[in-house]
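Chain by chain, the residues run as shown.
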Amino acid sequence: MEKQNPKQLEELLRQVLQIERAYAFELKNVKAERRGRILELVEQFASKRPNQ
Amino acid sequence: MKLIKVKLFNFRQFYGSQTIVFSQDPKKNVTLVHAENGVGKTTLLNAIRWCFYGEVTSKFEAKDQIMNFEAVAENSSLASVEVTFEHEGKTYIVERHFSVRNGNGSRPDISLTAHEADRHGQLRQIDTPDTFVSSVVPRAMAKYFFFDGEHAETFSSETNARAVGQAVRDMLGCNVIEAAIEDLDYAAKQYGAQLADIPGEAQLSEFAARIKDLEDKLQRAQDNAAGKTAEKERLDDQIQEITDQLRDAEGAKHIQRARDDKERSLRSVQDRLRTAEQNVVKWVGTKTLPLVSRKLAVETLSFIDEESLKGRIPSPYNEEFVQGLLKAEVCICGHELKPATTEWKSVADLLRKASNSELMGRVVRARTRIGVLKELREDVPTVLENEQRKIGSLVAEQKDLEKEIGELGNQLKGLPLSEIAERERAREQLSAKRDAVIGGLGGVLLAVRQCERAIRDTRAEQDKITVKSERAKKLLGRREIAQQGGDILRSILIQHQEDAKITIEKLINNILEKTARRNYKFRFQNNFGMDLTYADGHAVPKSEGENQLMSLAFIAALVQFSLSRTEEAGGPFFIPGTIAPLVLDSPFGKLDQKYKSDTAHFVPKMASQVVLLLSSSQGDDAVMDVLKPFVGAEYVLVSENRGPRGEKTEDELVLRGKKIPTSLFNQPKNLTCIVEVK
C-alpha cells in the first residue's frame, strides 16, 4: 500500500485532533458521535485523493 | 485561575452558611487554614473538588454523606458549595447543589451551575457548566492542585509507578492524543471489517476473516491483561498494608526497614540491569558493522592499495585529457594524431587506464569510509566487554540482595512475636501469589504483542493482493490512512512522555537541591517508579521524611511543569497546562522539625496562590515564623460541641497574639465554624 503524503496526512491529523479537542472536556458519553466524525474525516480525506 | 472565595452551606460538618475569602495579594499569596484533626481540613479540600467535579479524594470517609447532620435533623433538604474564582480576567461563580426530596431513602438531586459575573455583578449563566469547569482546570490535573498531603505516600510507596505515570500523563494533557489514536485504530478496524463482504474478492475476504479473528483474540488478551493487572494491584495494596504494619510494629520495624532498604536497592539494580541489557541490544543493532565487516574492510583496502600500485587507481591519466588529445588530433609531444593510425591507437589505448573526476571521487569516499570502519573496529571489543562486565556485576549484586531480603524475611518469621510472624507469613503468601500473577501477566502481554504483530503482518499481506473491485481498493486505502495516522500519533505520544519524564526529573532534583539537607539524586525508573538515592548511590529508606519531601517535590514539579506547558509547547496534540491555585492538606506529613521549616520556605513559591490546611503539629511556631511574611489571609476551624468538656483538655491556638479556642463545649449544635483571624 502506498505511503501517504506526509504533509496531507499531517493536515488530516490536525483536523482529527481538533475534533478530539472539541470533545475533550465533554463529560457525557460521546464516543460514538466522535468516532463517526473521525470516520467522516478519513472519508473526506481519502476521496480528495486520486484512486481513493 | 485564582480562587476568590468558597461558600459552604450545610456541607458535611459545616452547618449553615460559612465562607472563606482567599488571599489575592501576589506577595502574600498564602491562605492559611488551621484545624485540628477531624475538624474539617480535608472536608474543605474536598468541598472544592466536589463543587467542581462532583468527586472527592479517594480516602475521604463516608463520601455520600454530603448533608450536615444538624441540618438533616431540622428537616433541611439542601446543601451546596459555591466557589468564586477569577480566570483569564473574568469572574465566575460555580455552585454544586445537593438536595434530598421526600425524606431519607430517596436519591438526592445533584446539579451544577456556573455563571460569569460582569463588573456590575450581573450574572450570565454558562450552558455547559461541567465542560466549562473542566476547561479551566482539567479534571485529570485537578487532583494534583487540590492535594491531600497526608496521602502523599501514594507516590513514594513501592507500588507507586502506576500512580506516578498517570500523574505525568494527566499533567501532559494526553487525553486528546490518546482518544485520537483510539479512534483512528477503530476506523482502521471498521474499514478492515468491511473488506470481508465484497463480492468476487474471495482472497481478500479470507484475509479479512483472519484479521477479524486476530482482532477478537487481541481483545480477549487485552481484557485478560487488564484483569491480571488489576489483580496484581490488589495484591500490591495488600502487601503494602502488611509492610506498613511491620514497619510500625515494635520488634519488627528495624528488620522491615532494613528490608525496605534492600528492596529499594534491588529495584534500582534491576532497573540498571534492564538499561544495560537494552544498551547491549541497541549497541549490537548500530555498532556491529565494523565487527562483522572486518574481513570486507581489510580486503577492500588491500584491493584499493594493490590497484593503486598497479597505477590504475588513481590513474596517471585523466579521461577528459585523453579525449581532448584525440579530438584535437594532436599528441602532447606535438605530433599529429590521424585517426586509425598506430599513434592514434596508442593514445586511444590510454583510455582503458584513464579515470574521470567522478570515479576518483568515489574511490576517495570508499577509502575514507573503510578507513573509519577499520578505526571503529579497534574499539569494538572494549565497548562490548565493558557492558558485559557491568551486566555481570549487576547480576551478582541482584543475587546478593535477593539472598539478603530472603534472610530478613526469615528473621521476621522467626520472631517470637506470633502476630508479626503471622503477618510475615501472610505477606510471603501474597508475594507468591503476586509473583504467579506477574508471571501470567508476562505471558498475556506477550500474547498481546504477538497478536498486534500478526494483525499488522496479515494486513500487509492483504495489501499485496491484487484487487479488482474499486470498493476494495477504496477500503484498503482508507484503512491505510487511519493506520498510518494512528502510528504517527503513537510515536509522538511516546516521545512527549519521555521528554516530560526528563523535565519533571530535572525539576524535582532542582527542588530537592534547594530544600533537602543532604545531596540526593532523584531518578525515574523506566516504569515511572521513583528512586531517591544518597550521593553514594544507596537507596534512601522509604520510612524517612525524605520520601515525603520527594512526594511534595513531585507535586511542586507537576505544578511547575503544568505552568510551562503553554498552548504552543503542546501543539495540537496535547491539552495545555493550567495555572491554578495549589490547595495542600497537611503538606508536611511526617517531616521532622528541620525539614518542616525548610519546606515551609519553599511552599509559597510552589504556585501563584497557595492554600495551606494545617493542624497545630503541622503549623508549629517554627513553620509559622517562616510562613508569616507570605500569609495574606488566615482562618481557624473551630469545633463546636453540644456535650460538656469533661476531662478533655482545652484546645487553643495563639495566632497574631490572640488566643483562639479550637474546640468549644456546651454549644447548641455540633458543627465546625470557620473563624477569620484578623
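Quick caveat: nothing in here was measured; it's all calculated off a predicted structure. (Residues numbered from 1 in each chain as written. Chains lettered and ligands numbered in written order. Predicted model: local features only at pLDDT ≥ 70, side-chain atom pairs only at ≥ 80, totals over all residues.)

Whenever I open this one, the overall build of chain B confuses me. Can you help?
When helices and strands are counted, chain B shows 20 helices and 17 strands. Within chain B, the proportion of its 678 residues that are buried is 32%. Put simply, 72% of the contacts in chain B that link residues at least 6 apart link residues at least 24 apart. (Helix = DSSP H or I, 4+ residues; strand = E, 2+ residues; numbered from the N terminus. Buried ≥ 20, exposed ≤ 12 C-beta atoms within 10 Å, placed from the backbone. Contact = placed C-beta atoms within 7 Å.)

Teacher, can you tell me more about the interface of chain A and chain B here?
Size of an interface: often given as the accessible area lost when the parts come together. Contact residues are listed per partner, giving 23 residues for chain A and 29 residues for chain B. Breaking the side of chain A that touches chain B down by element, the ones donating at least two residues are α1 (6-24) and α2 (31-47) of chain A. With 9 residues, α1(A) is the largest single contributor of residues to the side of chain A that touches chain B. Here the residues of the side of chain A that touches chain B sort into 14 nonpolar, 3 polar and 6 charged. (Nonpolar A, V, L, I, M, F, W, Y, C, P; charged D, E, K, R; others polar.)

Even after reading the chapter, I still don't get the nonpolar core, so can you show me in this structure?
The tendency in soluble globular proteins is for nonpolar side chains to be buried side by side. Residue and element names in this part refer to chain B. Core analysis: the largest hydrophobic core is formed by 132 residues, its most contacted members being Phe145 and Ala553. Looking at which element gives the most residues to this core, the answer is helix α16 (residues 470-515), with 11 residues. Those residues in contact with Phe145 that lie beyond four places of it in its chain are Val137, Val559, Ala580, Pro581, Leu582 and Val583. Residues Leu246, Ile255, Leu408 and Leu412 belong to the second largest nonpolar core, which totals 6 residues. (Core = buried A, V, L, I, M, F, W, Y, C linked by C-beta atoms within 7 Å.)

I would appreciate a short explanation of the sheet that holds strand β7 (residues 123-125) of chain B in the present structure.
Remark on secondary structure: sheet strands pair via backbone hydrogen bonds, oriented parallel or antiparallel. Residue and element names in this part refer to chain B. Reading across from one edge, β2-β1-β4-β5-β6-β7 is the order of the 6 strands in this open sheet, with antiparallel pairing throughout. Looking along the sheet, the strands with just one partner apiece sit at the ends: β2 (14-21) and β7. The sheet shows a mean angle of 20° between the axes of neighbouring strands, taken without regard to direction. With 6 bridges connecting them, strand β1 (residues 2-11) and β2 associate as antiparallel partners. Bridged to Lys7 within β2 is Thr19. Strand contacts of helix α1 (residues 41-53): β1, β4 (78-87) and β5 (90-99), with the helix running at about 85° to β4, the strand carrying the most contacts. (Pairing = 2+ DSSP bridges. Axes fitted to C-alpha atoms, helices over the stretch in contact; angles between N-to-C directions.)

Would you mind going over unusual backbone geometry with me for this structure?
Where the residue is not glycine, phi is negative for most of them; where a peptide bond is considered, it is trans in most cases. Residue and element names in this part refer to chain B. Phi is positive for Asn75, close to 65°, though the residue is something other than glycine. Checked against the element boundaries, Asn75 lands in the loop between α2 (69-73) and β4. In this structure Asn75 comes out as exposed when scored by C-beta crowding, with 8 C-beta atoms within 10 Å.

Help me understand the environment of Ser76(B) in this model?
Residue and element names in this part refer to chain B. The residue Ser76 is located in the loop between α2 and β4 in this model. Residues Ser76 and Ser99 lie 23 residues apart in sequence; the distance between their C-alpha atoms is 9.0 Å. Aside from chain neighbours lying at most four places away, what touches Ser76 is Asn10 and Ala71.

Sorry if this is basic, but what is going on with the confidence of the model for chain B here?
Low-pLDDT portions of the prediction should not be read for the details of their coordinates. Across chain B, the average pLDDT comes to 84, with 90% of residues at or above 70. Note on the complex model: pTM 0.68, ipTM 0.94. (pLDDT = per-residue confidence, 0-100.)

Got a minute to help me understand the environment of Lys28(B) in this structure?
Residues and elements named next belong to chain B. Its place among the elements puts Lys28 in the loop between β2 and β3 (30-34). On a C-alpha basis, the gap between Lys28 and Val610 in space is 9.5 Å, while along the polypeptide they are 582 residues apart. In this view, Lys28 contacts Ser23, Phe630, Val631 and Gly632; residues no more than four positions away in its chain are not counted.

Can you help me understand the packing of α1(A) against helix α7 (residues 175-194) of chain B in this one?
Relative orientation and spacing of two packed helices are given, respectively, by the angle between their axes and the distance between those axes. As a packed pair, α1(A) and α7(B) sit with axes 9 Å apart at the nearest point and diverge in direction by 120°. With respect to α7(B), the axis of α1(A) lies oblique. Of the two elements, α1(A) crosses α7(B), and the hand of that crossing is right-handed. Contacts between α1(A) and α7(B) involve Val16(A), Leu17(A), Glu20(A), Arg21(A) and Ala24(A) from the former and Asn175(B), Val176(B), Ala179(B), Ala180(B) and Leu184(B) from the latter. A class-by-class count of the residues in the contact of α1(A) with α7(B) yields 7 nonpolar, 1 polar and 2 charged. (Parallel < 35°, antiparallel > 145°, perpendicular 65-115°, else oblique. Left-handed = near helix turned anticlockwise from the far one by under 90°.)

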